[in-house]
Amino acid sequence: MLRDSYGRVATDLRVSLTDKCNLRCTYCMPPEGLDWLPKPELLTADEIVRLVAIGVERLGVTEVRYTGGEPLLRRELVDIVARTAALSPRPEVMLTTNGIGLARLAAPLAEAGLDRVNVSLDTLERDTFKRLAHRDRFDDVIAGLAAADAAGLRPVKVNTVLMRGINDHEAPALLRYCLKQGYELRFIEQMPLDAQHGWSRKDMVTADEILAMLKAEFDLRPDDPEERGSAPAERFLVDGGPERVGVIGSVTRPFCGACDRVRLTADGQVRNCLFAREESDLKTAMRDGAGDDELAARWIAAVATKLPGHGIDDPAFLQPARPMSAIGG
């Protein structure tokens, strides 16, 4: 198993397929974009599936989530999903996306074995979308959400980051929209993972603030805490349920003690935390001829060094050099 020195076992694998993205969300990267990884440095589809198979068949991984950058930009995505779903034991296969292109790919991905999808949507206002993402693609995201629901990728989850003075007033409207459409909304505190290193705690909309805005218009009651397990979101029944809303307080309400996640970057590095400043290179060993046993051993050793928490509240905290787009959520 992928067990760390604090007794946590990693069963949830997040795999970045690319660092590229077709949006420029301000909490992630600058408007001009970033210097993308050269193609030879990216894992090939075969290399991705091989490492995922080691995780699933040898190391106890039960959930595989493909991320980016924007994973829909990866041409081999449908094939990668199909080969992942064919592993034994079969893992749950999920995708986190900005939704652009999902209208076209939702049905093929469902047929390939994708189980669920998370789609980022930070606003219901077209002008605000353009301001946040520096692209006019609002309609594409809305269409992608509808296609995911029609393809049976349920529950369709919507991820929202509120930015102070930009879209924070939209929290109740976003929840009403998701309740009407049958989507499950999850608000996420903005994290210090932007390429510009411009994150500021005072500018972050906190979980307490989000809940206060929602409680002004909805009756929210905590869901069964035992059902949460290692899930990052605190879930609340809305107006008696069964509909729910989630709040992920990554900064102010950390859940590190129950974390079961491990990450594989698009260039083959194991990261045992989003905020880790060290990585373990599986790609070089694999390309140098390492067998599955050696790769599994390297992976086990990497997870064993996981720290007890992300340390954002520590005065000595340093933001990771890699931004979210290069790490994979």
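Residues numbered from 1 in each chain as written. Predicted model: local features only at pLDDT ≥ 70, side-chain atom pairs only at ≥ 80, totals over all residues. Heavy atoms only, no water.

Colleague: Is there a simple way to explain the overall build of the protein in this structure?
Modeller: Within the protein, the secondary structure is distributed over 11 helices and 12 strands. Since a compact globule built from 329 residues should have a radius of gyration of about 20 Å, the 19 Å found for the protein is in line with a globular shape. When the backbone C-alpha atoms are referred to their principal axes, the protein occupies close to 60 × 45 × 40 Å. Residues classed as buried in the protein amount to 55% of the 329 residues present. Contacts spanning at least 24 positions in sequence make up 73% of the contacts within the protein whose residues lie at least 6 apart. As presented, the protein carries roughly 13900 Å² of accessible surface, and 50% of it is formed by carbon and sulfur atoms. (Helix = DSSP H or I, 4+ residues; strand = E, 2+ residues; numbered from the N terminus. Rg over C-alpha atoms; globule rule 2.2 N^0.38 Å. Buried < 20%, exposed > 50% of the residue type's maximum accessible area, 1.4 Å probe, protein only. Contact = heavy atoms within 4.5 Å. Areas by Shrake-Rupley, 256 points an atom, 1.4 Å probe, with all protein chains shown as cover.)

Colleague: Explain the layout of surface pockets to me, please; I cannot follow it from the model alone.
Modeller: To find leftover empty space, one rolls a probe the size of a water molecule over the atoms. By volume, the second largest pocket is sized at about 370 Å³. Lining the second largest pocket are 16 residues, with Lys39, Leu42, Arg74, Arg75 and Glu76 sitting closest to its centre. Per-class residue counts for the lining of the second largest pocket are eight nonpolar, two polar and six charged. (1 Å grid on protein atoms, 1.4 Å probe; cavity = no way out; pocket = protein on both sides within 12 Å on 5 of 7 lines; lining within 4 Å. Points joined across faces, edges and corners; volume = space filled by probe spheres on them. Nonpolar A, V, L, I, M, F, W, Y, C, P; charged D, E, K, R; others polar.)

Colleague: Could you clarify how one ought to interpret the packing of aromatic side chains in this entry?
Modeller: For any pair of aromatic rings, geometry is given as the distance between the ring centres together with the angle between the planes. If you walk through the whole model with that rule in mind, you get two aromatic pairs. With a centroid separation of 6.0 Å and 75° between ring planes, the pair formed by phenylalanine 129 and phenylalanine 138 is classed as edge-to-face. A relative accessible area of 6% places phenylalanine 129 in the buried class. Its relative accessible area of 11% is what places phenylalanine 138 among the buried residues. Here the aromatic rings of tyrosine 177 and tyrosine 183 are separated by 6.2 Å at their centres, their planes lie at 65°, and the arrangement is edge-to-face. Side by side, tyrosine 177 and tyrosine 183 carry an identical accessibility label, which is buried. (Phe/Tyr/Trp six-rings, centres within 6.5 Å; stacked < 30°, edge-to-face > 60°.)

Colleague: What should I look at first to understand the pairing of strand β4 (residues 116-120) in this one?
Modeller: Residues in a regular strand project their side chains so that they alternate between the two faces of the sheet. In terms of burial, β4 is a largely internal element, four of the five residues being buried. In this fold, the crossover linking strand β3 (residues 92-97) to β4 by way of helix α3 (residues 102-112) has right-handed handedness. As paired strands, β4 and strand β5 (residues 157-160) are joined by three bridges and run parallel to one another. Counterpart to valine 119 in the pairing with β5 is valine 158. (Right-handed = clockwise from strand over helix to strand, strands pointing away. Pairing = 2+ DSSP bridges.)

Colleague: When you look at the pattern of salt bridges in this model, what are you seeing that I'm missing?
Modeller: When the charged atoms of two side chains lie near each other, side chains of opposite charge can form a pair. Under the criterion given, the structure shown has 25 salt bridges. Between aspartate 149 and arginine 154 there is a salt bridge; the shortest N-O distance is 2.9 Å. Overall, aspartate 149 belongs to the partly exposed group, its relative accessible area being 23%. The salt bridge involving glutamate 217 is made with arginine 176; its shortest N-O contact spans 2.5 Å. Taken together, the residues glutamate 217 in the loop between α7 (207-215) and β7 (220-222) and arginine 176 in helix α6 (residues 171-181) connect sequence positions 41 residues apart. Residue classification places arginine 176 among the partly exposed positions, given a relative accessible area of 41%. Here the residues in one salt-bridge network are Glu184, Asp223, Arg235 and Arg244, joined through shared partners. (Salt bridge = Lys/Arg side-chain N within 4 Å of Asp/Glu carboxyl O.)

Colleague: Explain the sheet that holds β7 here, please?
Modeller: Adjacent strands of a sheet form backbone hydrogen bonds with each other and so pair up, either parallel or antiparallel. Pairing within the open sheet is mixed, and its 12 strands lie in the order β7-β8-β9-β6-β5-β4-β3-β2-β1-β10-β11-β12. Every other strand in the sheet has two partners, leaving β7 and β12 (280-281) as the edge strands with one partner each.

Colleague: What is the right way to read the environment of leucine 124 from this model?
Modeller: Inspection of the secondary structure puts leucine 124 in the loop between β4 and α4 (126-133). In this structure leucine 124 comes out as partly exposed when scored by relative accessible area, which is 26%. In this structure, the C-alpha to C-alpha distance between leucine 124 and proline 40, residues 84 residues apart in sequence, is 39 Å. Not counting the four nearest positions on each side in its chain, leucine 124 is found in contact with Phe138, Glu170, Ala173, Leu174 and Tyr177.

Colleague: Sorry, what's going on with the pairing of strand β2 (residues 63-67) here?
Modeller: Counting buried positions along β2 gives four out of five residues, so the element sits mostly inside the fold. Alignment of strand β1 (residues 12-16) against β2, held across five bridges, turns out to be parallel. Within the sheet, the bridge partner assigned to arginine 14 lies in β2 and is arginine 65. Following the chain from β1 across helix α1 (residues 45-58) to the adjacent parallel β2, one finds a crossover that is right-handed. Taken together, β2, helix α2 (residues 77-85) and β3 form a β-α-β motif whose crossover is right-handed.

Colleague: I'm lost on the packing of α1 against helix α10 (residues 292-304) in this one. Help?
Modeller: One way to put it is that α1 packs onto α10 with a least axis distance of 10 Å and a crossing angle of 75°. On the basis of their axis angle, the class for α1 and α10 is roughly perpendicular. Across the interface between the two elements, Arg50, Leu51, Ile54, Gly55 and Arg58 from α1 touch Asp292, Asp293, Leu295, Ala296 and Trp299 from α10. The residue makeup of the contact of α1 with α10, split by class, is five nonpolar, one polar and four charged. (Axes fitted to C-alpha atoms, helices over the stretch in contact; angles between N-to-C directions. Parallel < 35°, antiparallel > 145°, perpendicular 65-115°, else oblique.)

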